[in-house]
Amino acid sequence: MMKVGLYSISCSGTWYNDQPALTVEQFMDTAKKYGYVGVEIDLKRPHGSPLELTTPRCKEIRAYADKLGLEICGVAANNNFATIVPEQIENELLMVKEQIRVAKDLGAPVLRLFVGWRGIVKRNGIATYEVTAKHNTYYDATDYELRQQAVACFKECCQWAEEAGVILALQNHHPIIETYVDMLDFVKWVDSPYFKCAFDAPCLGWNATVQADAYMEKAVRDVGDLQMISHANAEFVENADGSIEMVTFDPNIQPVLTNYPVFIRTLKEIGYDGYINYEFCHMPFRNGQVLGYDYIEQQIALAQRYFTALIANA
């Protein structure tokens, strides 16, 4: 049976500034409070940087998760291999090597990777993608050079992953990856049983073509048993009858809602029994105001109910 988890970015102080970030333990308490059965930890500050997550600290976190009855179903790398600058590549490789160590120490079976994560910056204490989206680390490299560089990095990481018994899962997240087929190409080129997919429906894009039933179903089936972990980024409202309805978080950015009903139904049909992890991963902007953590926590609660019902009824 597919399971619903919570990704720690939601509680990390990234998208709110009206209270401090939750600690890892407080984040896990929140997941337990709202009925999630697993957690995914972001491997950067404040929750999961290898600088803080020594082996003893990982054992403490793992023990706390066990006490709550939560599975640490995955961890996230936030890596950027989309560069041809040797020093930057070596820094990124070193971080991923340490993150593989953290994944092993936490007992997390999956480390999620990117080809080129641009990162975020904060304005008035809240994250934004706008600044980093205007820049890249390509330094006039051609597209094929960046792809070859990333493949070489992934192959090196697979050696460490094999030693640790951790699966690396490539997310279909831009840049460089523009379609799910790009993700599958990288998996084919790397050609390792330790390199698979983190296929996310929102990353297809929010337009009618890629969120259409037929396209979504084909994408899920094409990925097939390479799917290791998935994520959901959405907002919800509770109707008067108690039902949960998905709503757009910004009609300019998200004019078409993610087709989770077909996504989850098809995952269920192909026998996927892993996690779909909810992440509140954008600015909570409603009615001209930036909202705080209370709104995000409300969304965490609604998301668990929405996806649990969707899985049960798919």
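Caption draft 1: The arrangement of the sheet that holds strand 3 (residues 71-76) in detail. On the basis of which strands lie adjacent, the open sheet formed by eight strands has the order 8-7-4-3-2-1-12-9 and parallel pairing. Of all strands in the sheet, those bounded by a partner on one side alone are strand 8 (195-198) and strand 9 (230-232). Across the sheet, the mean angle separating the axes of adjacent strands is 35° when strand polarity is ignored. Bridge analysis of strand 3 against strand 4 (residues 110-113) gives two bridges, and the strand direction is parallel. Along strand 4, the bridge assignment pairs Val75 with Leu111. Contacts from helix 5 (residues 143-164) reach strand 4, strand 7 (167-171) and strand 8, with the element oriented near 145° to strand 7. Where helix 9 (residues 293-313) meets the sheet, it contacts strand 1 (3-7), strand 9 and strand 12 (275-278), and its direction lies at approximately 155° from that of strand 12.

Caption draft 2: Main features of a nonpolar patch on the surface. A surface patch of nonpolar side chains, amounting to about 250 Å² of accessible area, comprises Met283, Phe285 and Val290. Checked against the element boundaries, Phe285 lands in strand 13 (residues 285-286). A relative accessible area of 42% places Phe285 in the partly exposed class.

Caption draft 3: Fine view of the packing of helix 7 (residues 213-223) against helix 8 (residues 260-269). At their nearest, the axes of helix 7 and helix 8 sit 9 Å apart, and the two run at 35° to each other. Crossing of helix 7 over helix 8 shows right-handed handedness. Across from Asp213, Met216, Glu217, Val220 and Arg221 in helix 7, the residues of helix 8 making contact are Val262, Phe263, Arg265, Thr266, Leu267 and Glu269. When the residues that make up the contact of helix 7 with helix 8 are grouped by side-chain class, the tally is five nonpolar, one polar and five charged.

Calculation rules
- Residues numbered from 1 in each chain as written.
- Predicted model: local features only at pLDDT ≥ 70, side-chain atom pairs only at ≥ 80, totals over all residues.
- Heavy atoms only, no water.
- Pairing = 2+ DSSP bridges.
- Helix = DSSP H or I, 4+ residues; strand = E, 2+ residues; numbered from the N terminus.
- Axes fitted to C-alpha atoms, helices over the stretch in contact; angles between N-to-C directions.
- Contact = heavy atoms within 4.5 Å.
- Patch = residues over 30% accessible without salt bridge, like charges linked within 9 Å, V, L, I, M, F, W, Y side chains within 5 Å.
- Areas by Shrake-Rupley, 256 points an atom, 1.4 Å probe, with all protein chains shown as cover.
- Salt bridge = Lys/Arg side-chain N within 4 Å of Asp/Glu carboxyl O.
- Buried < 20%, exposed > 50% of the residue type's maximum accessible area, 1.4 Å probe, protein only.
- Left-handed = near helix turned anticlockwise from the far one by under 90°.
- Nonpolar A, V, L, I, M, F, W, Y, C, P; charged D, E, K, R; others polar.

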